[in-house]
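The primary structure of each chain is shown beneath.
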Amino acid sequence: MKICVTSKGAGADSAVEQRFGRSPFFVFVDSESGESKAVENPLVNESGGVGPRAVQLISGEGADVIITGQLGGNATAALQASGMKVFAYSGTGTVSEAVAQYKEGGLRQLI
Amino acid sequence: MKIVVASGKGGTGKSTVAANLAYSLIELQSVTLVDCDVEVPNLHLFFNPEPAIKEVFTIIPKIDSDLCTLCGDCGRFCRYGALTVLKDRVLVFEKMCHACGGCMIVCPEKAISECNYAVGRVEDSNPLPGLRLISGFLKEGEVLAPRVIKDAKAAAEGDGLIIIDSSPGIACPVIEAMDEADFCILVTESTPFGLHDLDLAVGVTKSLGLKAGIIINRSDGSDEDVRNYCRKMDLPVLLTIPFSREIASVQNRGDLISEKLPGWKEQFAGVYKECLELCGVDE
Ligand code: SF4
Ligand code: SF4
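Conventions used here
- Residues numbered from 1 in each chain as written.
- Chains lettered and ligands numbered in written order.
- Predicted model: local features only at pLDDT ≥ 70, side-chain atom pairs only at ≥ 80, totals over all residues.
- Heavy atoms only, no water.
- Near = heavy atom within 4 Å.
- Nonpolar A, V, L, I, M, F, W, Y, C, P; charged D, E, K, R; others polar.
- Phe/Tyr/Trp six-rings, centres within 6.5 Å; stacked < 30°, edge-to-face > 60°.
- Buried < 20%, exposed > 50% of the residue type's maximum accessible area, 1.4 Å probe, protein only.
- Helix = DSSP H or I, 4+ residues; strand = E, 2+ residues; numbered from the N terminus.
- Pairing = 2+ DSSP bridges.
- Axes fitted to C-alpha atoms, helices over the stretch in contact; angles between N-to-C directions.
- Contact = heavy atoms within 4.5 Å.
- Buried area = accessible area lost by both parts, 1.4 Å probe.
- Salt bridge = Lys/Arg side-chain N within 4 Å of Asp/Glu carboxyl O.
- Polar contact = N/O pair within 3.5 Å; in protein donor to acceptor, adjacent residues only side chain to side chain.
- 1 Å grid on protein atoms, 1.4 Å probe; cavity = no way out; pocket = protein on both sides within 12 Å on 5 of 7 lines; lining within 4 Å.
- Points joined across faces, edges and corners; volume = space filled by probe spheres on them.

## So, the site of ligand 2
Inspection of the region around ligand 2 gives 13 residues, with B:C68, B:C71, B:G72, B:C74 and B:C107 positioned closest. In the shell around ligand 2, the residues fall into 9 nonpolar, 2 polar and 2 charged.

If you want it as structure tokens, here you go:
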């Protein structure tokens, strides 16, 4: 299973980013192998419409689950249609820590 | 002659000024009043019109799922986020689409066609002899105010004297309302906030090369700051409407001071005359 975490930096040891569409990076973690890959978000400085566009990007990377802080209305609508599950992480920990907490069932499901 | 009535901020009495100005002139000539404050149009409240209604459409993309290969190009292209390509379908967010038409061009499969989408309506009426009222209404939740404004203004095109009530502020709908006007009346109050917002609005008229004059509304008599500002910026003060209980009570009933209180019709007619002079037009 592929988990996408919104992240401030380019690795699994970076801090989780609370914003969804304007997250600087998306880190994709393979839950079986533990391998991770970061994708820089081209939308950070865009003026609007970033939510639905980020959903397409993440969906295109084949993610099954998304961990992030907050979602806007349009992102929510796109995510609901996408079939991906979304979980909320409000802590200040790293991407790896958020994934571990998700695996333990410790995160609240948003979508 | 096209006069646009604007203000740097809401609540200055801009619509009241537009309505009074129009009312004061209809005995002299036909007037077309256009309500371009499409998010909260209110001129119809003064006149009880029985309007003919025309819907305002914009274009949104329609995806032919038989042709679409889900390549993702359209979603990557649309900078407004109106398209999201998922694994099994393309989502269209109508409200975010700016009708640029680009997605239809970039789609390699020609899977995208245009379809109409209603964003508002234009109401057209003749509530009084000599007065035509055209009001633009933006549908709730829609963002394409300029689209509705365009249609409302287009309906008035060709009429002799057109008075346009713009939305407050200085965002795109205001620019759209001011576009191609001959003169701009800026309505302000004599407060420090009023002056700051007035200055922003003046900046817009200057950058559009639009001649402007000021009406001070709800004046408490201490307008020195506004007057000094106008002098400095070389802006004529066309009219000062004092803050009085009598005026307030007429306006609170939804009535026009130019109709109910003596002298005001002549004052507003005088404002129009001054506008003509400032534009270099002989009557
Ligand atoms: S017409 Fe333009 S704004 Fe509308 S969806 Fe297509 S690309 Fe986006
Ligand atoms: S560009 Fe055309 S083919 Fe590609 S996803 Fe969009 S509609 Fe489908």
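Past the structure itself, the notes keep going.
## Focus on the packing of aromatic side chains
Residues and elements named next belong to chain A. If you walk through the whole model with that rule in mind, you get 4 aromatic pairs over all chains. On the numbers, 6.5 Å between centres and 55° between planes, the contact of F20 with F26 is tilted. Under the relative-accessibility criterion, F20 is labelled buried at 4%. Taking the relative accessible area as the measure of exposure, F26 reaches 0% and is therefore buried.

## So, the environment of A:G106
Residues and elements named next belong to chain A. Within the secondary structure, G106 is located in the loop between α3 (95-103) and β6 (108-109). Given the relative accessible area of 45%, G106 is considered partly exposed. Sequence-wise, G106 and A88 are 18 residues apart; in three dimensions their C-alpha atoms are separated by 9.8 Å.

## Some points on the pairing of strand β3 (residues 36-40) of chain A
All names here are of chain A. Pairing analysis gives 5 bridges linking strand β2 (residues 25-30) to β3, with the strands arranged antiparallel. The residue bridging V29 from the neighbouring strand is S36, located in β3. With antiparallel pairing between neighbouring strands as the criterion, β2 and β3 make up a hairpin whose turn holds 5 residues, including G34 at a positive phi of roughly 80°.

## Some remarks on the sheet that holds strand β8 (residues 161-165) of chain B
Within a beta sheet, neighbouring strands are joined by backbone hydrogen bonds and run either parallel or antiparallel to one another. Residue and element names in this part refer to chain B. Taken in spatial order, the 9 strands of this open sheet run β3-β6-β7-β2-β8-β1-β9-β10-β11, and their pairing is mixed. Every interior strand has two partners, whereas the edge strands, β3 (52-63) and β11 (237-242), have only one. Averaged over neighbouring strand pairs, the angle between their axes works out to 20° when direction is ignored. Relative to strand β10 (residues 211-219), strand β9 (residues 183-188) runs parallel, the two being bridged by 6 bridges. Bridge pairing in β10 links V187 to I215. Most of the contacts of helix α7 (residues 192-207) go to β9, to which it runs at about 170°, and overall it touches β9 and β10.

## Comments concerning the interface of chain B and chain A
If you look at the interface, chain B gives 16 residues, while chain A gives 15 residues. Across the chain B to chain A interface the summed buried area is about 1,200 Å²; carbon plus sulfur atoms make up 52%. When the buried surface of chain B facing chain A is broken down by residue, B:R79, B:L86 and B:K87 rank first, second and third, together holding 35% of it. Seen at the junction of chain B and chain A, the total is 0 salt bridges. For the pair chain B and chain A, the number of links is 6 residue pairs in polar contact (both at pLDDT 80 or more). Mapped onto the side of chain B that touches chain A, the elements with two or more residues apiece are α3 (73-77) and β4 (83-85) of chain B. Counting residues per element, the side of chain B that touches chain A draws most heavily on β4(B), which supplies 3 residues. Class assignment of the residues belonging to the side of chain B that touches chain A gives a composition of 8 nonpolar, 4 polar and 4 charged.

## Details of the layout of surface pockets
Approximately 300 Å³ is the volume found for the largest pocket. Taken together, 16 residues form the lining of the largest pocket, with A:R53, A:Q56, A:L57, B:G72 and B:R76 sitting closest to its centre. Residue assignment for the lining of the largest pocket shows that the elements contributing at least two residues are α1 (50-60) of chain A together with α3 of chain B. Considering each element in turn, the lining of the largest pocket owes the most residues, 5 residues, to α1(A). For the lining of the largest pocket, the class distribution of residues is 7 nonpolar, 5 polar and 4 charged. What lines the second largest pocket is a set of 15 residues, among which B:G11, B:G13, B:K14, B:S15 and B:T16 lie closest to the centre. Put simply, the parts of the chain that give the lining of the second largest pocket at least two residues each are α1 (14-25) and β10 of chain B. The greatest single-element share of the lining of the second largest pocket, amounting to 3 residues, is contributed by α1(B).

Such coordinate-based values are descriptive only and should not be taken to indicate function.
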